[in-house]
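Coordinate inspection notes
This is what each chain is made of:
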Amino acid sequence: MARPGGNPDFGIKYRFDYGRDEPLSEQVKVLMHPQMKQHLKNLADLEKCTVPDLIREAIEQYLVAKQTTKVS
């Protein structure tokens with residue numbers, strides 16, 4: 001049974017730290033073929049990371065490349 005009144009330290013003392021400067025608070029949904037999803041899972045296993053980590057990195061590289069081409 002839960003503690004009456006809740007845990008006053010929840011969210012302050014007990015917090016996950018993912019090692020990021022900014023929290024991840026926004027979501028984007030992508031639909032893809034099952035083969036593409038499986039390919040991403042396999043790649044994530046090889047890289048020892050998660051599929052969302054791979055996708056974030058790919059989007060970041062794309063945005064940097066687009067920004068660089070607009071400046072040039």
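What counts as what
Numbering of residues begins from 1 in every chain and follows the order in which that chain's sequence is written. The predicted origin of the model limits local features to residues at a pLDDT of at least 70 and limits the giving and counting of side-chain atom pairs to 80 or more, whereas totals for whole chains, interfaces and linings rest on all residues. The basis for every side-chain value is the complete set of non-hydrogen atoms in the structure, without hydrogens or water. In DSSP terms, a helix is any run of H or I states spanning at least four residues, a strand is any run of E spanning at least two, and both are numbered starting from the N terminus. Per-residue accessibility, obtained with a 1.4 Å probe over protein chains only, is compared with the maximum for each type, and a residue is labelled buried under 20%, exposed over 50%, and partly exposed between these values. Calculation of accessible area relied on Shrake-Rupley with a 1.4 Å probe; when residues are assessed, cover is drawn exclusively from the protein chains displayed. None of His or the chain ends enter the tally, which takes Lys and Arg as positive and Asp and Glu as negative. Here the site of a charge means atom NZ of a Lys, CZ of an Arg, CG of an Asp or CD of a Glu. Axis definition: a line fitted to C-alpha atoms, limited for helices to the stretch in contact. Angles are taken between N-to-C directions and run from 0 to 180 degrees. The scheme is simple: roughly parallel for angles under 35 degrees, roughly antiparallel for over 145, roughly perpendicular for 65 to 115, oblique for anything else. Any two residues whose heavy atoms approach within 4.5 Å are treated as being in contact. Under the grouping applied here, Gly and all other residues not named as nonpolar or charged are polar, the nonpolar ones being Ala, Val, Leu, Ile, Met, Phe, Trp, Tyr, Cys and Pro and the charged ones Asp, Glu, Lys and Arg. To estimate the expected span of a helix, count its residues, drop one, and scale the result by 1.5 Å.

Focus on the overall build of the protein
Along the protein, the regular secondary structure elements total 2 helices and 0 strands. Each of the three principal axes of the protein carries a C-alpha extent, and together these read 60 × 35 × 25 Å. The buried share of the protein, reckoned over its 72 residues, is 4%. Accessible surface, the protein: about 7600 Å² in total, of which carbon and sulfur atoms supply 58%. When the 11 positive and 10 negative side-chain charges of the protein are each reduced to one mean point, those points stand 6 Å apart.

With respect to the packing of helix α1 (residues 34–47) against helix α2 (residues 51–71)
Following both chains from N to C, one finds α1 and α2 inclined at 95°, their axes separated by 8 Å at the closest point. Put simply, α1 runs roughly perpendicular to α2. Facing α1, whose interface residues are Leu 40, Lys 41, Leu 43, Ala 44 and Glu 47, α2 presents Val 51, Leu 54 and Ile 55. Looking at the contact of α1 with α2, its residues break down into 6 nonpolar, no polar and 2 charged.

A closer look at α1
Taking 1.5 Å of rise per residue, 14 residues should cover 20 Å, and α1 covers 20 Å from first to last C-alpha, within 8% of that figure. Looking one or two residues beyond α1, the residue adopting positive phi is Lys 48, at roughly 60°.

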